[in-house]
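Topology and contacts: notes
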Amino acid sequence: MMEGYKMLEKKIIHITPFGLDRMLHIYLPDDYAESWQHYPVLYMFDGHNLYRDEDATYGHAWHIDSQFDAHQVKAIVVGLECNHEGKERLNEFCPYVLNGSHLGDLDGRGHVLLEWMSTELKDYVDRHYRTNGMNYLGGSSMGGLMAFYGLIAYPKIYQGAACLSSSIMICINELTQEIRQASCLEGAKIYMSYGSEEARSKKSLAAIVKNHCDMAKDLEAKGAKVFFDMIVDGSHNEATWEHQVMDFVKYLGVHND
């Protein structure tokens, strides 16, 4: 258990297909130890950025734990720390092989990571914690891309996804094809957001908004419900994403009934 913080745990887990150990950052509801309730699980990427400023890459966390406590959100959060070596975070958080993207060439191991998360990791969490079968994905930037992809690829496992400032633009064609070939997404909920200050120009921002809206239409055609949130003055950072936590939690319905 994480020193000094009652309901936060850090646990090492082995990512079998990569042959690598990785840290899990786990939040448990404030009544977890005293109750016999079962809880939904929110699986998130970049778990080190979720709770404490001292763990966060840039010194500012989302403070999900304090927000959940304050608003009595009864859910377990499982944050998977990223690979910090070189560009491995990009490789692991991209579901497709990409050549010549603005992020460089990526070998696209994200689909392997999502398969592991949806089988081995989920099985581990279900064995060790009181879960109720409701599962959600969440992340920002490349983590937002992974949450987006994961919901489409595994609609029977995840009921919703929070995709903040997602890097969907780097593989827009692949994702569009993925959605159109996907099975029914009836009942799935997707929260997407983008900050007005993230794009380099108004033209670029307009293109990003259009692509998000086009993706939303494709998702809705499959039965999903989509909310696109344009964050006025929003930037590509944890300080902006922190203020969206309760918005996406309420929209997705992440709580214990």
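See the structure above.
Here is a short report on the structure shown in this document. (Residues numbered from 1 in each chain as written. Predicted model: local features only at pLDDT ≥ 70, side-chain atom pairs only at ≥ 80, totals over all residues. Heavy atoms only, no water.)

In this section: unusual backbone geometry. Positive phi values are uncommon outside glycine, yet serine 165 reaches one of about 45°. Note on placement: serine 165 falls in the loop between strand S8 (160-164) and helix H5 (172-181). When its relative accessible area of 2% is taken as the criterion, serine 165 is described as buried. (Helix = DSSP H or I, 4+ residues; strand = E, 2+ residues; numbered from the N terminus. Buried < 20%, exposed > 50% of the residue type's maximum accessible area, 1.4 Å probe, protein only.)

In this section: the packing of aromatic side chains. Within the structure shown, the criterion is met by ten aromatic pairs. Summarising the aromatic geometry, the rings of tyrosine 191 and phenylalanine 248 are spaced 6.1 Å apart at their centres and angled 50° between planes, so their arrangement reads as tilted. With tyrosine 191 in strand S9 (residues 189-195) and phenylalanine 248 in helix H8 (residues 245-252), this residue pair connects regions lying 57 residues apart in the sequence. Each member of the pair tyrosine 191 and phenylalanine 248 is classed as buried. With centroids separated by 5.6 Å and ring planes inclined at 40°, the aromatic side chains of phenylalanine 227 and tyrosine 251 adopt a geometry described as tilted. Taken together, the positions of phenylalanine 227 in strand S10 (residues 225-231) and tyrosine 251 in helix H8 put the pair 24 residues apart, joining distant regions of the chain. A relative accessible area of 37% places phenylalanine 227 in the partly exposed class. Judged by relative accessible area, tyrosine 251 falls into the partly exposed class, the value being 21%. Here the aromatic cluster, defined as three or more aromatic residues joined through ring pairs, consists of Tyr191, Phe227, Phe248 and Tyr251. In this structure, lysine 189 packs its charged tip against the face of tyrosine 251, placed 5.6 Å from the ring centre. (Phe/Tyr/Trp six-rings, centres within 6.5 Å; stacked < 30°, edge-to-face > 60°. Lys NZ or Arg CZ within 6 Å of the ring centre and 35° of its normal.)

The geometry of H5 relative to helix H6 (residues 202-221) is characterised by a closest axis approach of 9 Å and an angle of 15° between their N-to-C directions. Overall, the two elements H5 and H6 adopt an arrangement that is roughly parallel. When the axes of H5 and H6 are compared, the crossing they make is left-handed. In this structure, H5 contributes Ile172, Leu175, Thr176, Ile179 and Arg180 to the contact, and H6 contributes Asn211, Met215, Asp218 and Leu219. (Axes fitted to C-alpha atoms, helices over the stretch in contact; angles between N-to-C directions. Parallel < 35°, antiparallel > 145°, perpendicular 65-115°, else oblique. Left-handed = near helix turned anticlockwise from the far one by under 90°. Contact = heavy atoms within 4.5 Å.)

To continue, consider H5. Along H5, the positions that sit buried rather than exposed are Ile172, Leu175, Thr176 and Ile179. Across the axial projection of H5, the buried residues extend over an arc of 100°, all falling on one side. Facing away from the buried side of H5 by more than 90 degrees, the exposed set consists of Asn173 and Gln181. Here the buried face of H5 lies against helix H4 (142-153) and H6. (Arc of directions from axis to C-beta.)

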